Amino acid sequence: QVQLVESVGGSVQAGGSLRLSCAVSGSTDSRNCMGWFRQAPGKSREGVADIDSDGTTSFGDSVKGRFTISKDNAKNTLYLQMNSLKPEDTAMYYCAAGLVHRRRSLGYCPYDYWGQGTQVTVSS
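Throughout this description, residue numbers start from 1 for each chain and increase along the sequence as written. Given that this is a predicted model, residues contribute local features only at a pLDDT of at least 70 and side-chain atom pairs are listed and counted only at 80 or more, while totals for whole chains, interfaces and linings are drawn from all residues. With hydrogens and water set aside, each side-chain value is computed from the structure's full complement of heavy atoms.

Chemist: Please clarify how the state of the cysteines should be interpreted in this entry.
Modeler: Any cysteine sulfur atom paired with another within 2.5 Å is treated as part of a disulfide. Tallied over the full model, the rule gives two disulfides. Across the disulfide, C33 is cross-linked to C109 (sulfur-sulfur distance 2.0 Å). Judged by the sign of its S-S torsion, about 85 degrees, the bond between C33 and C109 is right-handed. Here C33 is found in strand β4 (residues 33-39), whereas its partner C109 is found in the loop between α1 (100-106) and β10 (113-114), with 76 residues between them in sequence. Comparing C33 with C109 shows no difference in burial state: the two are buried. Ordinal numbering of bonded cysteines along the protein chain defines a disulfide pattern of 1-3, 2-4. Secondary structure elements follow DSSP: runs of H or I no shorter than four residues count as helices, runs of E no shorter than two count as strands, and numbering proceeds from the N terminus. Here's how the labels work: a residue is buried when its accessible area is under 20% of the maximum for its type, exposed when over 50%, partly exposed in between, all with a 1.4 Å probe on protein chains only.

Chemist: Quick question: what am I supposed to make of the pairing of strand β7 (residues 67-72) here?
Modeler: Remember that side chains alternate between the two faces of the sheet whenever the strand is regular. The pairing of β7 with strand β8 (residues 77-82) spans six bridges and is classified as antiparallel. Following the sheet pairing, D72 is matched in β8 by T77. By the convention used here, strands pair only if DSSP detects at least 2 bridges between them. The hairpin formed by β7 and β8 contains four residues between the paired strands, and N76 there has a positive phi angle of roughly 50 degrees.

What follows is the structure, given as structure tokens:
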């Protein structure tokens, strides 16, 4: 199994920046697929950013050009750098992971493991 623990989020003003981190333990593998998701009250969960086993990244349309996903394999940590934050970015943010062998079998990242979530609030 994989355990994921997000860092404490925070409150920032619009236009500000914030970095989230996710500590990974258990069946760690640099080839595991990982991503960030978010969910605002009354809204459906949406994908924010993900990073594939080969390092390829993708972003949701609403955060393209503002957010960056990265990982430090040596530290078993996933990061989400959020810049130019907007009030609509306010949500609970979750990191997630899928095992590399599962991804290879399914052809997509299963995201079977999730962190507890951390609150990010952007004020105007």
